[in-house]
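Residue strings, one per chain:
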Amino acid sequence: MTRLPEKQIAIHPIEIILFFFVTLTLLIGTYVRNNLWKDEIALWTDCLKKSPGKDRCHLNLGFAYLEASQYDKALEMTQEAIRINPKYATAYHNLGIIYQRRGDVRQAILMLKKSLEFDPNLDKSYFALGGAYFENGQYKESEEAFKEFIRAKPLYPDAHHLLGIVFSTQKEYQKALQAFEKELQINPANSHTHVNLGQIYWFIFHNRAKALYHFKTALGLNPFLLDREEIQKLTDLIERTS
């Protein structure tokens, strides 16, 4: 079997893997942000007027501002929730997400770890911490955070996929394969997982048959697949090899 030189291929193995990770947090549509969260802001603003001392009103208004990408207001409301209730684990979690979206990943990590100090069973903080560590280049810590989340929620969609991404970034490709295959057991229609498996099987293990299977499956599952044209070109090139 002839391996195609990577310089001839427009897709680098890790680029799509990382691109999907980055875009994972962007799945909330414009309609949702501009309409649903307008209603939520109005709802919790009214709650705050009626009960200005309630930490929950501040927390939920802050979350509504967060989902509307109004980060300064989100920060203000969430910090007020913590002032009222200094051990409010969910508020520290939300604060971590706010800092991450503002680009302050180190502060995000501190807040997410703080949330787990107050509530070690707040599973979503492990998930968020996995993402924040990854963004900060702390891949081993990211791995451990995702593993902790998976221990609590082993069937959660995309959790094994993201763990596979972390393994891939650390060049632990056999572990990455296992994580991606586990994701497909949970969600066989995850086209991004098929793409990542295709890349590893082709670029790393040079397994033409498995690479083609996963690329073709991804293309068949998702007509709106990220970089679909490039993936199709790569599939065509692999088919022409022997």
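Keep in mind that this is a model prediction, so the values were computed, not measured. Here, residues in each chain are numbered from 1, in the same order as that chain's written sequence. Under the rules for a predicted model, residues below a pLDDT of 70 receive no local features and side-chain atom pairs below 80 are neither given nor counted, while totals for whole chains, interfaces and linings still include all residues. The side-chain quantities take in all heavy atoms of the structure and omit both hydrogens and water.

> Which parts of the structure should I look at to understand the overall build of the protein chain?
Each helix is a run of DSSP H or I of at least 4 residues and each strand a run of E of at least 2, with the numbering of both proceeding from the N terminus. Per the secondary structure count, the protein chain includes 13 helices and zero strands. The cut-offs for exposure are 20% and 50% of the maximum accessible area for each residue type, with area from a 1.4 Å probe on protein chains only; residues under the lower value are buried, those over the upper are exposed, and the others partly exposed. When each of the 242 residues of the protein chain is scored for burial, the buried share is 48%. When checking whether two residues touch, look at their non-hydrogen atoms; a contact exists if any pair is within 4.5 Å. Long-range contacts, defined as pairs at least 24 residues apart, comprise 52% of the intrachain contacts of the protein chain with a sequence gap of at least 6. Only the protein chains shown count as covering a residue, and every accessible area follows the Shrake-Rupley method with a 1.4 Å probe. When the accessible area of the protein chain is evaluated, it comes to approximately 12400 Å², of which 53% is carbon and sulfur surface.

> How should the pattern of salt bridges be read in this particular structure?
Pairing between side chains becomes possible if they bear opposite charge and their charged atoms approach one another. Any Lys or Arg side-chain nitrogen found within 4 Å of a carboxyl oxygen on Asp or Glu counts as a salt bridge. Counted by the stated rule, this structure contains 14 salt bridges. We note a salt bridge from K147 to E144, for which the minimum N-O separation is 4.0 Å. You can see K147 and its partner E144 sitting in helix α8 (residues 139–152), three residues apart, about one turn around the helix. Across the pair K175 and E172 runs a salt bridge whose closest N-O atoms are separated by 3.0 Å. One network of salt bridges, in which partners are shared, links K140, E143, E144, K147, E172 and K175.

> Mind showing me how you'd approach helix α11 (residues 191–204) here?
Side chains of residues three or four places apart in an α-helix project in the same direction, reflecting 3.6 residues per turn. For a helix, the expected span equals 1.5 Å multiplied by the residue count minus one. The terminal C-alpha atoms of α11, which comprises 14 residues, lie 19 Å apart, in line with the 20 Å expected from a rise of 1.5 Å per residue. Along α11, 13 of the 14 residues are buried, which leaves the element largely enclosed by surrounding structure. The N-cap of α11, judged by a side-chain oxygen 3.2 Å from the amide nitrogen of H192 a few residues on, is N190. With its phi angle positive at about 55°, H206 sits one or two positions after the end of α11. By the criterion applied in these results, polar contacts are pairs of N or O atoms within 3.5 Å in which, for protein atoms, one can donate a hydrogen and the other can accept it, and in which residues neighboring in sequence qualify only through two side-chain atoms.

> Would you explain the nonpolar core in this entry?
One recurring pattern in soluble globular proteins: nonpolar side chains tend to sit buried together. To form a nonpolar core, buried Ala, Val, Leu, Ile, Met, Phe, Trp, Tyr and Cys residues must be joined to one another through side-chain atoms within 4.5 Å. With 68 residues, the main nonpolar core has L61, L95, L129, W202 and F215 as its most contacted residues. If you tally residues by element for this core, the top one is helix α5 (residues 89–101), at seven residues. Aside from chain neighbours lying at most four places away, what touches F215 is H194, V195, G198, Q199, W202, I231, L234, T235 and I238.

> Explain the environment of K73 here, please?
Residue position: K73 is located in helix α4 (residues 71–84). Here the alpha-carbon distance between K73 and L61, two residues twelve residues apart in the chain, equals 8.9 Å.

> In this structure, what is going on with the packing of helix α3 (residues 55–67) against α4? I would like to understand it.
Helix-helix packing: each pair is described by the crossing angle between the helix axes and the interaxial distance. In the contact formed by α3 and α4, the axes pass within 8 Å of each other and the chain directions differ by 160°. As the angle between them shows, α3 and α4 are arranged roughly antiparallel. Crossing angle aside, the handedness with which α3 passes α4 is left-handed. Facing D55, H58, L59, L61, G62, Y65 and L66 of α3, the residues of α4 in contact are Y71, K73, A74, M77, T78, E80, A81 and I84. Axes here refer to lines fitted to C-alpha atoms; in helices the fit is confined to the stretch in contact. Angles between the N-to-C directions go from 0 to 180 degrees. Geometric relationships in this document are graded by angle, where less than 35 degrees denotes roughly parallel, more than 145 denotes roughly antiparallel, 65 to 115 denotes roughly perpendicular, and other angles denote oblique. Each crossing gets its handedness from the near helix: less than a right angle anticlockwise from the far helix is left-handed, clockwise is right-handed.

> How should the confidence of the model for the protein chain be read in this particular structure?
A low pLDDT score tells you not to read the predicted coordinates there in detail. Per-residue confidence from the predictor is given as pLDDT, running between 0 and 100. Per-residue confidence for the protein chain gives a mean pLDDT of 86; residues scoring 70 or more make up 84%. Note that pLDDT drops below 50 for residues 1–11; the model gives that stretch 29 contacts with residues more than four away or on any other chain. Below pLDDT 50 for its whole length, residues 18–34 participates in 23 contacts with residues either more than four positions away or in separate chains.

> Whenever I open this one, the packing of aromatic side chains confuses me. Can you help?
Two aromatic rings are characterised by how far apart their centres lie and by the angle between their planes. Here the aromatic set is Phe, Tyr and Trp, taking the six-membered ring for Trp, and pairing holds for ring centres within 6.5 Å; pairs whose planes are under 30 degrees apart are stacked, those over 60 apart are edge-to-face, and all others are tilted. This structure, assessed with the given rule, holds six aromatic pairs. Between the aromatic rings of F127 and F146, the centroid separation amounts to 5.7 Å while the plane-to-plane angle is 85°, which identifies the pairing as edge-to-face. One end of the pair, F127, is in helix α7 (residues 123–135); the other, F146, is in helix α8, and 19 residues separate them in sequence. Overall, the relative accessible area of 1% leaves F146 in the buried class.

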